[in-house]
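Reading the structure
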Amino acid sequence: MPARTPGTESAEPHSSVIRTAALAHVRGRRLLQARSQGKTAFYMAGGKIDPGEDAEQALHREIREELDAGIVPGTLERLGVFEAPAFGHRPGTALHMTCFTAELTSEPRATSEIAELRYFTLDEYAAMPEVAPGSLLVFRRLRALGLID
């Protein structure tokens, strides 16, 4: 029987779940996506849900941090929960994204952690060299609902 190296007893792949809240902000039948500093792919605006937060609280915080905007009271609606492989993370990492639609209190603008904001149709996003599987699910849902091109 071969000797085992300490710490290698398990051959099971690492698996974890990243829980996030995201904003599906539509303008001109296009969906807003953000590209973080140092990243090449565009993602949904939003981010990880911190301990003690629910998805709505996390969304409000993340939108202030990333888009320098607030959410107009009474416009927040849950679009759904989307699950996909977490893009840019090690294999076996899953994304659990609670996605909302909402209107913003001001024009979204990239903050220091965001390199670029851009609105996409489904076809424009799908044609990008790298796409986040979770974002693609939201694009497809919004197109099915007739909200984006």
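See above for the structure.
Note that the coordinates shown come from a computational prediction; the quantities given were computed from them, not determined experimentally. (Residues numbered from 1 in each chain as written. Predicted model: local features only at pLDDT ≥ 70, side-chain atom pairs only at ≥ 80, totals over all residues. Heavy atoms only, no water.)

**A short note on the pairing of strand S3 (residues 30–36)**
The buried fraction of S3 amounts to five of the seven residues, a majority that puts the element mostly inside the structure. As defined by bridge partners, strand S2 (residues 26–27) adjoins S3 across two bridges and the pair is classed as antiparallel. Counted as the bridge partner of Val26 is Leu31 from S3. Taken together, S2 and the strand that follows it, S3, pair antiparallel across an intervening segment of two residues, in which Gly28 is found at a positive phi of about 55 degrees. Relative to strand S7 (residues 114–120), S3 is paired through six bridges, and the arrangement is antiparallel. Bridging across to S7, Ser36 finds its partner in Ile114. (Buried < 20%, exposed > 50% of the residue type's maximum accessible area, 1.4 Å probe, protein only. Helix = DSSP H or I, 4+ residues; strand = E, 2+ residues; numbered from the N terminus. Pairing = 2+ DSSP bridges.)

**Re the pairing of strand S1 (residues 16–24)**
Strand direction decides the pairing type here: S1 and strand S6 (residues 93–101), joined by nine bridges, are parallel. Paired with Ile18 across the two strands is Leu95, which belongs to S6. Inspection of the sheet shows S1 paired to strand S4 (residues 45–48) by four bridges, in the antiparallel sense. Counted as the bridge partner of Ala21 is Gly47 from S4.

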